[in-house]
Amino acid sequence: MSESFERLNPNILITVKEKALHEGFDQEFQSYILDDDKVVDELEDTISKGGNIVDFHSCDLFPERWFDLVLVLRTDNTILYDRLEKRGYSQKKITENIDCEIFQVILEEAKDSYSNEIVVELQSNTVQDMECNASRIEQWFYNFKAQKNQH
């Protein structure tokens, strides 16, 4: 996506680390244990203004009022396995991610947390998929901004 989106996309993991919005570090999964309330409180002013893109691996901690559209990226398990292995993830973390994909955990979480009308599932298996998704997201974003400017 274009660089203009970077200022609209708060890096949640960096914010969590820099501002200690966590309850510690999970050595087994090599990730921070988020303090959901602290994360939401920290992002509230920025996100509630609208016009942001939030990229995160989970969604149920975020209030429904923050979003006009929720995108869930899906990937074939074999492709996901290879991606996570290349990132150096532990076998346990890879297995957890694969299980989540198989059981559609994030998709179901999104559907349970937000209105089904705003939840959209996108495939993200190939570079072409990713480029198409990026184009669609940019178009949705510009359409959103245009609609907001008309009101």
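Residues numbered from 1 in each chain as written. Predicted model: local features only at pLDDT ≥ 70, side-chain atom pairs only at ≥ 80, totals over all residues. Heavy atoms only, no water.

Remarks on the pairing of strand β1 (residues 22-26)
So, step 1. Summarising the sheet, β1 and strand β2 (residues 31-34) pair through 3 bridges and their orientation is antiparallel. Among the inter-strand pairings, Asp-26 is bridged to a residue of β2, identified as Ser-31.
So, step 2. Here β1 hands over to β2 after 4 residues, with Gln-30 in that stretch at a positive phi of 55°. (Pairing = 2+ DSSP bridges. Helix = DSSP H or I, 4+ residues; strand = E, 2+ residues; numbered from the N terminus.)

Looking at the state of the cysteines
So, step 1. Applying the stated criterion to the full structure yields 0 disulfides.
So, step 2. With no disulfide of its own, Cys-59 has Cys-100 as its nearest cysteine by sulfur position, at a separation of 12 Å.
So, step 3. A relative accessible area of 9% places Cys-59 in the buried class. (Disulfide = S-S within 2.5 Å. Buried < 20%, exposed > 50% of the residue type's maximum accessible area, 1.4 Å probe, protein only.)

Concerning the pattern of salt bridges
So, step 1. Counted under the stated rule, the structure contains 5 salt bridges.
So, step 2. With a closest N to O distance of 2.6 Å, Glu-28 and Lys-92 form a salt bridge. Here Glu-28, found in the loop between β1 and β2, pairs with Lys-92, found in helix α4 (residues 91-102); they are 64 residues apart in sequence, far enough to count as distant.
So, step 3. What makes Glu-28 partly exposed here is its relative accessible area of 44%.
So, step 4. Among the charged side chains, a network of salt bridges with common partners joins Arg-74, Glu-101 and Glu-121. (Salt bridge = Lys/Arg side-chain N within 4 Å of Asp/Glu carboxyl O.)

Description of the side chain of Ser-58
So, step 1. For Ser-58, the location among the structural elements is in the loop between α2 (36-48) and β3 (70-74).
So, step 2. Among the polar contacts listed, one links the side chain of Ser-58 to the side chain of Asp-60, at a separation of 3.4 Å.
So, step 3. When residues no more than four places from it in sequence are discounted, the contact partners of Ser-58 are Ile-106 and Glu-109. (Polar contact = N/O pair within 3.5 Å; in protein donor to acceptor, adjacent residues only side chain to side chain. Contact = heavy atoms within 4.5 Å.)

Details of the domain arrangement of the protein
So, step 1. Each assigned domain of the protein is listed with its residue range as follows: domain 1 (1-56) and domain 2 (62-150).
So, step 2. Listed by partner, the interface residues are 20 residues for domain 1 and 16 residues for domain 2.
So, step 3. Between domain 1 and domain 2 the total buried area reaches about 1400 Å² when both faces are included, carbon and sulfur atoms providing 73% of it.
So, step 4. Where domain 1 meets domain 2, there are 4 residue pairs in polar contact (both at pLDDT 80 or more).
So, step 5. Per element, the largest residue contribution to the side of domain 1 that touches domain 2 is 6 residues, and it comes from α2.
So, step 6. Looking at the side of domain 1 that touches domain 2 residue by residue, the classes come out as 12 nonpolar, 6 polar and 2 charged. (Domains from an automatic or database assignment. Buried area = accessible area lost by both parts, 1.4 Å probe. Nonpolar A, V, L, I, M, F, W, Y, C, P; charged D, E, K, R; others polar.)

Considering the packing of aromatic side chains
So, step 1. Enumeration over the complete set of coordinates arrives at 7 aromatic pairs.
So, step 2. Plain terms: the ring middles of Trp-66 and Phe-67 are 6.3 Å apart, the flat faces sit at 70° to each other, and that makes the pair edge-to-face. The same class applies to Trp-66 as to Phe-67, namely buried.
So, step 3. Relative to Tyr-142, the ring of Phe-141 has its centre 5.9 Å away and its plane inclined at 70°; by these criteria the two rings are edge-to-face.
So, step 4. The buried category is assigned to Phe-141, whose relative accessible area is 11%.
So, step 5. Looking at Tyr-142, the relative accessible area reads 42%, which means it is partly exposed.
So, step 6. One aromatic cluster is present, formed by Phe-56, Phe-62, Trp-66, Phe-67 and Tyr-114 through successive ring pairs.
So, step 7. Lying over the aromatic face of Tyr-89, Lys-93 brings its terminal NZ or CZ to 4.5 Å of the ring centre. (Phe/Tyr/Trp six-rings, centres within 6.5 Å; stacked < 30°, edge-to-face > 60°. Lys NZ or Arg CZ within 6 Å of the ring centre and 35° of its normal.)

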